[in-house]
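# A closer look at the structure
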Amino acid sequence: MVGGSVVHPIDVIKVRQQLFGMKDGFGVGSSWVARARTTSFAATTSALLKEEGAAGLFRGVTAGLLRQAAFVGTKFVLYEQLKQRAADGNGELAFSARVGCGLAAGTGGALVGNPFDLAMVRMQADGKLPLDMQRGYNNGLEAIARIVREKGVGTLWRGCQATVARGAIITASQFAIYD
């Protein structure tokens, strides 16, 4: 969670670059390729600091911390439980079984963490929305409660397939190799 807090400003800048770094225009004639605006890391950081101050760098940090606790905590617990069940009589576990346990643990962690990831990204993006469209969440828990109230509980798992794929692959590769 400390690491997540330290790198959170970089994540905010990344989200701003991803969401707001493209022009609306398309190529001329039959070329329908969107042209990217040059929005460097430094330019995005400078604009964010100018428009929102240093606090803008920490938009969504509470949801980010909740995501870290939910995702990382869940995947560590699941991995250990799955390893114990998959081990042979001598407590040994083949590398392929460790990969399988990691895939399952990463999937579980991502399912549990996705609501907080969604809240974090919405909070990070809020500062670039027009004032009348900003959500103004005060913290990650309030964001979750409002999303459920305003959009329904299913909305908390929007984008979950990509989160699960990423979480499963990262967890399987990290845990199987580290273990």
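Residues numbered from 1 in each chain as written. Predicted model: local features only at pLDDT ≥ 70, side-chain atom pairs only at ≥ 80, totals over all residues. Heavy atoms only, no water.

## Structural notes on the pattern of salt bridges
Applying the stated rule across the entire model yields 10 salt bridges. Linking Lys-83 and Asp-179 is a salt bridge whose minimum nitrogen-to-oxygen distance equals 2.8 Å. Note that Lys-83 is positioned in helix H3 (residues 61–86) and Asp-179 in the segment after helix H6 (160–178), a separation of 96 residues in sequence. Among the residues examined, Asp-179 registers a relative accessible area of 40% and is labelled partly exposed. Put simply, Asp-179 and Arg-98 hold a salt bridge, and the shortest N to O gap is 2.6 Å. Placement of the pair is Asp-179 in the segment after H6 and Arg-98 in helix H4 (residues 95–125), with a sequence separation of 81 residues. Residue classification places Arg-98 among the buried positions, given a relative accessible area of 17%. Through salt bridges with shared partners, one network takes in Glu-80, Lys-83, Arg-98 and Asp-179. (Salt bridge = Lys/Arg side-chain N within 4 Å of Asp/Glu carboxyl O. Helix = DSSP H or I, 4+ residues; strand = E, 2+ residues; numbered from the N terminus. Buried < 20%, exposed > 50% of the residue type's maximum accessible area, 1.4 Å probe, protein only.)

## Remarks on the confidence of the model for the protein chain
Looking at the protein chain as a whole, its pLDDT mean stands at 88, while 89% of the residues score no less than 70. Helix H5 (residues 140–151) holds the highest mean pLDDT among the elements of the protein chain, 97, whereas strand E1 (residues 22–26) holds the lowest, 42. Predicted confidence for residues 22–36 stays below pLDDT 50, and this span has 15 contacts to residues more than four positions away or in other chains. (pLDDT = per-residue confidence, 0-100. Contact = heavy atoms within 4.5 Å.)

## Here's the deal with helix H2 (residues 41–52)
Note that an α-helix has 3.6 residues per turn; residues three or four places apart therefore point the same way. An ideal rise of 1.5 Å per residue puts 16 Å on 12 residues; H2 measures up with 16 Å between its terminal C-alpha atoms. Buried residues of H2: Thr-44, Thr-45, Leu-48 and Glu-52, and no others. For H2, the buried positions fall inside an angular range of 100° around the axis, keeping them on one side. Opposite the buried face of H2, by more than 90 degrees, sit the exposed residues Ala-42 and Lys-50. Two residues or fewer after H2 comes Gly-53, characterised by a positive phi angle close to 75°. (Expected span 1.5 Å × (residues − 1). Arc of directions from axis to C-beta.)

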